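# Notes for the structure review
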Amino acid sequence: MAGHEFSEPADRKQVADPLSDLQAAEEPRAACDPAFRHGVVVGFDGSTSSERALAYAIGMAIRSGSGLIIVHVANRLPTTVWAGCEPPVFVDVPDHRTEVLGLELACADYLSDVPWILVERGGDICHELEEVGREYSADAIVVGSTQGIVGRIFGSVAGRLARRAQRPVIVIP
């Protein structure tokens, strides 16, 4: 079973009464597919380390008999430079990589043994992986380790996620 979940655009307007909007704001966002509750969340961007993390997460999902929630987080860039008076505004950069990754994953033979979905998010990678994990009540989050000088200077996604996550984080070298 394969599928894709794409988040609604932020500028889409829906007509609803104010009471339902207030109730919706108070309730946590429910997972779209309950078949994937208590699944395994894996961060995936097509890099070598994320491919290793995906391979481990597939094995973990098969062994536990659960679904696999593959998450691709699109980049966000500041639209202004913070001058000290107003915080920067962030915008989602169009990221067609999710569509390409989805097609690659749909054609992959190694995903045929496990039910999976692809979730696209925009924002901070650590926050979004933890949020997806919370929405699906995931048993674990699997990520690849960051390689190179960028991870050493700014801190790795895996390290930040391991410090703040509310569920087990498995870092694959």
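Fair warning: this is a prediction, and the values are worked out from it, not measured in the lab.

## As for the packing of aromatic side chains
Applying the stated criterion across every chain, the model contains 0 aromatic pairs. Geometry around Tyr-56 places Arg-63 over its ring, the cationic atom sitting 5.9 Å from the centre.

## A word on the nonpolar core
With 21 residues, the main nonpolar core has Val-42, Leu-54, Leu-68, Ile-70, Leu-105, Leu-111 and Val-142 as its most contacted residues. Broken down by element, the residue count for this core peaks at 6 residues, all from helix H2 (residues 48-64). Contacts of Leu-111, omitting those with residues within four sequence positions, involve Ile-58, Leu-68, Ile-70, Leu-105 and Trp-116. Core analysis: the next-biggest nonpolar cluster, separate from the first, contains 17 residues, Phe-36, Ile-69, Val-119 and Ile-141 among them.

## What about the pattern of salt bridges?
Evaluated as defined, the whole model comprises 6 salt bridges. For the salt bridge of Arg-160 with Asp-124, the shortest nitrogen-to-oxygen distance reads 3.6 Å. On the criterion of sequence distance, the pair formed by Arg-160 in helix H6 (residues 157-164) and Asp-124 in the loop between strand E6 (116-122) and helix H4 (125-135) is long-range, its members being 36 residues apart. Assessed through its relative accessible area of 31%, Arg-160 is described here as partly exposed. Given a relative accessible area of 32%, Asp-124 falls into the partly exposed group. Note that Glu-130 and Arg-167 form a salt bridge whose closest N and O atoms lie 3.6 Å from each other. With Glu-130 in helix H4 and Arg-167 in the loop between H6 and strand E8 (169-172), this pair connects stretches of sequence that are 37 residues apart.

Reading guide: rules and limits
Residues numbered from 1 in each chain as written. Predicted model: local features only at pLDDT ≥ 70, side-chain atom pairs only at ≥ 80, totals over all residues. Heavy atoms only, no water. Phe/Tyr/Trp six-rings, centres within 6.5 Å; stacked < 30°, edge-to-face > 60°. Lys NZ or Arg CZ within 6 Å of the ring centre and 35° of its normal. Core = buried A, V, L, I, M, F, W, Y, C linked by side-chain atoms within 4.5 Å. Buried < 20%, exposed > 50% of the residue type's maximum accessible area, 1.4 Å probe, protein only. Helix = DSSP H or I, 4+ residues; strand = E, 2+ residues; numbered from the N terminus. Contact = heavy atoms within 4.5 Å. Salt bridge = Lys/Arg side-chain N within 4 Å of Asp/Glu carboxyl O.

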